[in-house]
Each structure stands twice: as C-alpha cells, then as structure tokens.
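Here is how the chains run, residue by residue.
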Amino acid sequence: MRIRPALVTLAAVVLTAVGCGQAPEAAFVLHQKTSELSDASRGAVEKELLNKFGTPHQLVAWQKFPFDYGASGENLVTGRNLYMRHCLHCHGVSGDGNGPTARFLNPQPRDYRLGKFKFTSTKSGLKPRRDDLREIVKQGIPGTTMPSFVLLPESELNAIVEYVRWLSARGEYEQKLVATLVGEGGGEKDISRRVNKDGESREAILKGLADFIAKDFVEEAAIAAGDVADSWVAADADENLILPSIARAGLDAKTGLPTDESLHKGRELYVSKKAKCMDCHGPGGLGDGVLTEQFWKIPGTTPEQEYAEPGLHDDWGNVQKPRNLTKGQYRGGRRPVDLFRRVYAGIKGTQMPAFGGTALTDEEIWHLVNYVLMLPHQKTSPAAKHPEKPSVASTGG
Amino acid sequence: MNTNESNESSGWLLTAVSCGGLLVIGAAWLVTPAGANGAAVTSARQVTILADQVTSAVVSTEPSKPAKGTGNFTGIVTLGGAALDLKPKVKKGDLTAKDAAVCAMDDVPDESLVVDKSTKGIANVFVYLDKAPAGKKYDTPKEPAVFDQKGCRFLPHGLIARVNQPVLVKSQDNIAHNTHTNPIRNTGFNQAIKPVESIGIKLLYDKPERLPVKVVCDLHTWMTAYHLVLDHPFGAMTNAKGEFEIKDLPPGKYEFIIWQESIGYVDRKFAVEITADKVTDKKIAVPAAKFAK
C-alpha cells in the first residue's frame with residue numbers, strides 16, 4: 001500500500017482547543033450516487049475514501065496522485081486552510097459546488113467531482129493545466145459570481161490550486177468507484193427492481209456483491225485511481241497545450257486590426273455548414289440557436305430519459321445557455337488566444353465540440369475569433385448582416 | 001443517393017451469400033472489424049429486409065469450426081413476444097426536420113430495438129467477456145475501425161473496437177456533425193466533423209470499457225450509436241437475424257455480459273462452458289415485457 005497517512009493533526013488540535021461550540025463539523029459529504037448504493041457497496045466506497053483521502057481535519061496525501069503536496073504535506077494543509085477561508089462558501093467542503101451560498105447563485109459553482117473544468121488551454125477532452133486553474137482563481141470568471149483573487153500571493157494561489165486538484169481527484173475517484181459498483185449491480189434501486197420484477201433472490205445478489213467487494217474491488221479501485229492520476233499528468237504535459245500553429249491571421253499589417261476580409265470569412269464560417277455555430281449561438285450571436293429550444297436527453301440513462309426543461313444542459317445537469325457573443329464577456333478569458341482555444345478544443349463538459357484539427361484549420365479559427373471579437377461592437381446586433389464596413393473594428397483585448 | 005444505396009445493398013447481399021449467411025458476428029472481432037462492421041451493418045433497416053430474401057436463398061448455415069484446441073460460442077438473441085412498432089426518428093421528406101436537405105433524404109430508423117421479422121432475432125446486442133481470460137494478452141488489430149455518418153445516422157449503429165485500435169470517424173453528409181462520447185474510463189471525445197470527412201478523424205480508446213459507450217451528435221440529437229471497447233477478441237454483436245459468434249475461446253467456464261441499449265443488461269453473467277474443438281450454441285430469449293416503457 002502506498003498510503004502515506006496524514007500529515008495534519010495540527011488543525012484538528014487547534015479546532016478542538018478553540019472549541020468553536022455550535023459551528024458544524026466540517027465533513028466530506030457523499031455524492032448522491034454513492035448514497036444510492038446498497039449498504040455494503042456504499043460502505044466499501046466510504047472506506048476507500050477515508051483510507052486514501054482522510055477527512056477535512058485529517059487529510060491524507062495519497063502519492064498515487066501527481067500532486068505537489070510539499071515535503072511533509074504542508075501545501076495540502078495550506079491549500080485546505082485557504083480553501084476553507086475563501087472557497088468553501090460556494091464550492092463546499094467536498095468541492096461539490098454546494099456550499100451554503102450555492103443555492104443563491106446562477107450559474108452554479110463548479111462541482112469539481114466530475115474531474116471536468118470548462119476553460120482550459122489543453123486539448124479536447126483533457127483536464128486543465130495548473131496554469132489554467134491558477135488563472136481562473138486569479139482573474140475570476142466574468143459574468144459569474146466567481147471573483148478574482150488576484151491579491152493573494154502566488155504561493156497561496158498555488159496552494160489553492162493544488163488543493164482543488166486534490167478535491168477533484170477525490171471526487172472523481174469516488175464517482176469511478178460508484179460506477180464500478182453500479183456496473184456490478186450494487187445500486188439499491190437496481191437490486192429492488194431485480195428482486196421485485198425479475199424475481200431474483202436478494203440474498204444471492206448481495207452475496208455476489210460481497211464476493212466482488214472482497215475479491216476484485218481493490219484491483220478495480222487501483223485501476224480507477226490510476227486513470228484519474230494519468231489524466232492529471234496528461235493535462236500538464238507540454239504536448240497537450242494548444243498553441244496556434246500560425247500567428248493571429250487576418251490582421252491589417254498597418255493598423256493591427258482585423259481586415260474586412262477576415263471578418264467576412266469569419267461570418268461565413270459562423271453560419272456555414274461546416275462550423276454550424278449558429279445552431280447554438282443563434283444567427284446574431286445572442287445564444288438563441290434552434291438547439292436551445294428542444295428537450296435534451298439525459299446522458300447515461302438506460303432507457304433514455306429527457307431533462308424536464310428545454311435547452312442545452314452541461315454534464316453537471318444544469319441548463320447551459322450558449323454564450324451570448326454580443327456581450328463581450330468571455331468566461332474563459334478574453335484574449336484572442338483564449339477564444340482560439342475555446343473553438344479549438346471545445347468547452348469541456350458541454351456540447352461545444354472541438355473544431356481544431358478536425359473541422360477547421362487554425363487560420364479559419366482565427367477568422368472566426370476575429371469575427372466573434374467584433375460582434376459586441378456591431379451597432380446593430382442581431383442584424384445578422386455581413387459586416388461590410390464594421391463601424392468599430394475589434395481590438396481583441 | 002438512391003443509386004448509391006442500392007449499390008451498397010447488392011454489395012451486401014453478395015457478401016452475405018458468399019459467406020453463407022453468417023455475417024457480422026465473427027467479423028466483428030476478427031482482425032479487421034473495420035471493414036466488416038462498416039459493410040455489414042451498413043443499414044439495419046435494409047439488412048432486415050434483405051435478410052428475409054437471404055433466408056430463402058441460403059438453406060442452412062454451417063457454423064465455422066474453431067481453431068484447434070479452442071471452442072466457439074454461437075447463438076441467437078430473440079424477442080419473446082410482439083415487436084414494438086417504432087416510428088422512424090426522422091421521416092423521409094420531413095421538411096421540418098433539422099437540416100432536412102441532408103437528414104430527411106431517407107427515413108432515419110429508430111434503432112433502439114431492431115427485430116428481424118422471420119427469426120425474431122434482436123440485432124445490435126453485445127455479447128462479450130468483461131475481461132480477457134486470465135493472464136492472456138491479445139494484439140491490437142492493425143486495421144482501424146470505420147465509424148461513418150450518412151443521412152444523419154451513424155453507420156454502423158454498434159461497433160466493437162479494441163483498445164488502442166484507431167476508430168476513424170467519417171462522414172458522407174454535406175453538413176457538419178459532432179461526435180460526442182462520455183466514456184467511464186477513456187477520455188471523452190467531442191469533435192466537430194466537417195462535411196464529407198472522407199479521411200476520418202482518429203478516435204482512440206486507450207482503455208477497455210465495461211459497458212458500451214454511447215455516441216451522440218449534439219447537432220442532430222436523434223443520432224445515437226454505441227462503441228464497445230475490449231482488450232481481447234471475445235466479443236460480438238448480433239447481426240440482423242440476432243445471431244452472434246465468438247470464435248476460438250480457450251476451453252473453460254465463462255460468464256458473458258449480454259447487453260442491449262434499451263434495457264441495459266440482458267444478462268450480467270451468462271454462464272457458458274466451452275469445450276475444445278466444439279461449438280457451444282445457446283438460444284437467448286428476451287421477454288418483450290422488458291422493453292415496455
């Protein structure tokens with residue numbers, strides 16, 4: 001076992017000593033899906049999580065994960081302390097995006113436990129680099145309640161990033177364990193259905209599950225942890241960073257502003273059959289495309305079920321409005337390269353697909369970026385006219 | 001388009017007759033799943049119609065012999081009860097359909113339950129081993145698998161890929177698609193596919209999956225398909241008649257997963273004993289009540 005039990009007793013001692021009376025004890029909560037498992041299955045997940053990650057008071061730095069815990073885990077402790085001060089109100093003790101303030105917010109704070117983060121500089125499907133997370137904490141997310149923590153010293157930002165990665169790994173590990181047990185038939189509803197509808201014996205099902213937990217679960221858990229660890233390593237690998245293969249195209253050599261030709265090309269791509277931007281973002285960029293009006297299926301449901309509300313939903317199950325591109329507010333950063341990356345790799349955890357390397361060339365992406373950056377400065381939006389002579393050209397930040 | 005289809009169909013028929021009626025199954029996991037899947041499961045609807053004709057032409061089907069010292073597992077998955085009447089997801093010529101010029105060129109059938117009229121066999125059922133027989137490693141097929149799109153429909157509807165075997169995502173449609181997966185173990189894939197993508201965008205699964213991965217297109221939300229990723233060759237998908245064949249299994253006792261997209265597990269642990277140089281044949285009936293919504 002490569003478990004290094006926790007390094008942190010100090011906080012616990014301090015908290016006990018201070019004796020904060022009525023304040024509720026900070027504790028990691030189980031994911032909804034975990035609580036829907038049969039007793040023995042849930043117990044197995046709880047035990048794994050406790051052994052490998054500990055409690056908020058007694059953190060475990062499991063070296064399976066490629067995190068910078070510091071020599072004796074002090075990074076994790078610092079990160080935890082800062083997280084508890086700055087982040088937990090919205091993101092919750094467990095990083096489930098369900099802190100006490102969360103219910104009042106729209107959009108909902110990120111639930112880290114899916115292991116997905118929307119705004120990254122990494123290729124399609126990959127997790128964020130440390131830099132991406134640090135940038136988000138530093139800059140905040142415009143158009144949301146995520147504020148900027150730019151005043152924190154770099155070392156503190158880094159510690160928070162490390163702790164968020166740790167929380168995300170913990171949550172994703174939990175989800176993978178649950179998926180394994182659900183696959184083995186450990187879901188309580190599933191068991192009831194098999195007993196009541198298919199006439200199977202409850203004892204036999206539970207016996208089978210107990211055998212699996214005793215024999216194979218350890219190996220399955222190790223595989224799950226390996227998958228999570230690999231994905232965090234891959235995210236920070238240099239070959240997975242998106243760098244445009246050409247400098248920003250379509251700029252006037254003299255003024256440095258996008259040329260009319262480039263804006264035309266961008267507009268044409270925007271409405272084209274090959275990019276289909278307007279199906280979601282609407283012809284005028286208002287985020288009101290036809291796909292926002294229909295009912296969508298809930299992924300991972302067999303048989304298929306639909307969401308109660310129409311409109312696109314993200315992987316967290318929240319209604320997801322395609323960005324209104326006329327507002328000039330860009331959640332993942334407003335630099336041209338940020339928009340380039342959004343188009344190149346898509347937005348993780350949403351329907352926004354990756355266009356880079358498949359449907360669009362890097363040059364085409366730049367024209368599209370030029371056009372999108374111009375949209376907020378069009379006088380009449382959603383005119384949906386070709387921008388023949390845009391009155392204000394983009395500065396692009 | 002019509003000419004095209006009939007060409008394809010007759011090509012299929014030839015293949016069918018020439019290999020004696022036993023089509024998809026063996027091929028689904030053989031060294032070249034790509035062509036095999038791509039060709040044979042081109043259109044389950046067409047296949048269903050054609051299969052009737054084939055039945056009359058081909059009198060009996062000789063199961064293929066297992067390699068020396070191994071055994072084959074064959075069988076048929078049938079529906080016990082009346083088949084559901086499923087409406088097409090997009091009707092031919094429906095101008096209100098999204099991107100009708102491309103997507104309503106032909107019916108897009110509802111493939112959530114495809115039943116053959118004569119055999120009652122259910123198509124596109126996955127029969128496979130969760131894990132490779134203990135201690136064995138199997139080479140990755142060199143040929144990529146092909147996953148195509150035509151008339152706003154994925155072809156084939158179900159595909160078995162091996163770990164690290166590239167799946168080439170193609171499109172014959174003159175409109176963009178996006179191919180979107182959300183697997184449990186592998187990295188998610190959500191790539192825009194440009195119109196008439198004939199070379200194919202590489203989709204790679206580098207880890208096996210326990211259950212088939214659902215594939216969707218968010219631009220045309222009726223489009224669905226399933227990819228099963230295995231690190232061994234012992235998996236098959238039922239053909240249009242509901243038949244499957246898994247070849248060259250080392251002798252021993254196995255528990256197969258049988259999975260169908262509308263109901264999930266047909267059987268979690270279907271016990272089969274394989275004897276050397278023998279074909280083990282099983283009939284698996286799924287009660288129609290299971291499909292009731």
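Residues numbered from 1 in each chain as written. Chains lettered and ligands numbered in written order. Predicted model: local features only at pLDDT ≥ 70, side-chain atom pairs only at ≥ 80, totals over all residues. Heavy atoms only, no water.

Asks: How should I be thinking about the sheet that holds strand 15 (residues 264-274) of chain B in this particular structure?
Replies: Pairing between sheet strands relies on hydrogen bonds along the backbone, with the strands arranged either parallel or antiparallel. All names here are of chain B. Strands sit in the order 12-2-14-15 across an open sheet of four strands; the sheet is antiparallel. Looking along the sheet, the strands with just one partner apiece sit at the ends: strand 12 (235-237) and strand 15. Ignoring which end each strand starts from, the neighbouring axes of this sheet average 20° apart. Relative to strand 15, strand 14 (residues 252-260) is paired through eight bridges, and the arrangement is antiparallel. Note on strand 15: the bridge partner recorded for E255 is A271. (Pairing = 2+ DSSP bridges. Helix = DSSP H or I, 4+ residues; strand = E, 2+ residues; numbered from the N terminus. Axes fitted to C-alpha atoms, helices over the stretch in contact; angles between N-to-C directions.)

Asks: Before we go on, may I ask you to explain the interface of chain A and chain B in this structure?
Replies: How big an interface is tends to be reported as the loss of accessible area on association of its parts. Across the boundary between the two partners, chain A contributes 40 residues, which contact 37 residues of chain B. Buried surface at the junction of chain A and chain B, summed over both partners, amounts to about 3000 Å²; 48% is from carbon and sulfur atoms. By the criterion of area lost to chain B, the three top residues of chain A are K273, K276 and T358 of chain A, representing 19% of everything that side buries. Scanning the region where chain A abuts chain B turns up nine salt bridges. Between E184 of chain A and R210 of chain B there is a salt bridge, with the nearest N and O atoms lying 2.8 Å from each other. Joining chain A to chain B, the criterion identifies 21 residue pairs in polar contact (both at pLDDT 80 or more). For the side of chain A that touches chain B, the secondary structure elements donating two or more residues are helix 7 (154-183), helix 8 (188-196) and helix 10 (217-236) of chain A. A class-by-class count of the residues in the side of chain A that touches chain B yields 14 nonpolar, eleven polar and 15 charged. (Contact = heavy atoms within 4.5 Å. Buried area = accessible area lost by both parts, 1.4 Å probe. Salt bridge = Lys/Arg side-chain N within 4 Å of Asp/Glu carboxyl O. Polar contact = N/O pair within 3.5 Å; in protein donor to acceptor, adjacent residues only side chain to side chain. Nonpolar A, V, L, I, M, F, W, Y, C, P; charged D, E, K, R; others polar.)

Asks: Honestly, the pattern of salt bridges in this entry has me stumped. Any pointers?
Replies: Oppositely charged side chains can pair when the atoms bearing their charge come close. All names here are of chain A. Counted by the stated rule, this structure contains 39 salt bridges over all chains. Between E154 and K138 there is a salt bridge, with its nearest N and O atoms 3.7 Å apart. Here K138 lies in helix 6 (residues 130-139) and E154 lies in helix 7, a separation of 16 residues in the sequence. We note a salt bridge from R165 to E162, for which the minimum N-O separation is 3.5 Å.

Asks: Hey, could you run me through the nonpolar core in this one?
Replies: Nonpolar side chains in soluble globular proteins tend to end up buried together. Counting 46 residues, the largest nonpolar core has F65, Y83, Y163, W166 and Y173 of chain A as its most contacted members. Of all the secondary structure elements, the ones that give two or more residues to this core are helix 3 (39-53), helix 4 (74-86), helix 6, helix 7, helix 9 (202-215) and helix 10 of chain A. For this core, the element with the most residues is helix 7 of chain A, which contributes 13 residues. Once residues within four sequence positions are removed from consideration, W166 of chain A is found in contact with F28, F53, L59, V60, F67, Y69 and L76 of chain A. By size, the runner-up hydrophobic cluster in this structure holds 36 residues, among which are L312 of chain A together with F147, V163 and F189 of chain B. (Core = buried A, V, L, I, M, F, W, Y, C linked by side-chain atoms within 4.5 Å. Buried < 20%, exposed > 50% of the residue type's maximum accessible area, 1.4 Å probe, protein only.)

Asks: Looking at this model, I keep getting lost on the packing of aromatic side chains. Mind explaining?
Replies: For any pair of aromatic rings, the description consists of the separation of the ring centres together with the inter-plane angle of the planes. All names here are of chain A. For the structure shown, the criterion picks out 26 aromatic pairs over all chains. Arranged with centres 6.4 Å apart and planes meeting at 65°, the rings of F212 and F217 form a pair that is edge-to-face. Judged by relative accessible area, which is 7%, F212 ranks as buried. Taking NZ or CZ as reference, R110 lies 4.1 Å from the ring centre of W316, over its face. (Phe/Tyr/Trp six-rings, centres within 6.5 Å; stacked < 30°, edge-to-face > 60°. Lys NZ or Arg CZ within 6 Å of the ring centre and 35° of its normal.)

Asks: Please clarify how the state of the cysteines should be interpreted in this entry.
Replies: Inspection of every chain in the model, using the stated rule, returns one disulfide over all chains. C103 of chain B shares a disulfide with C152 of chain B; S-S distance 1.9 Å. Between C103 of chain B and C152 of chain B the sulfur-sulfur dihedral comes to about -55°; the bridge is accordingly left-handed. Of this pair, C103 of chain B sits in helix 5 (residues 100-103) while C152 of chain B sits in the loop between strand 3 (145-149) and strand 4 (154-155), placing them 49 residues apart in sequence. Both residues of the pair, C103 of chain B and C152 of chain B, count as buried. For C87 of chain A, which is in no disulfide, the shortest distance to another cysteine sulfur is to C90 of chain A and amounts to 8.9 Å. Judged by its relative accessible area of 22%, C90 of chain A falls in the partly exposed class. (Disulfide = S-S within 2.5 Å.)

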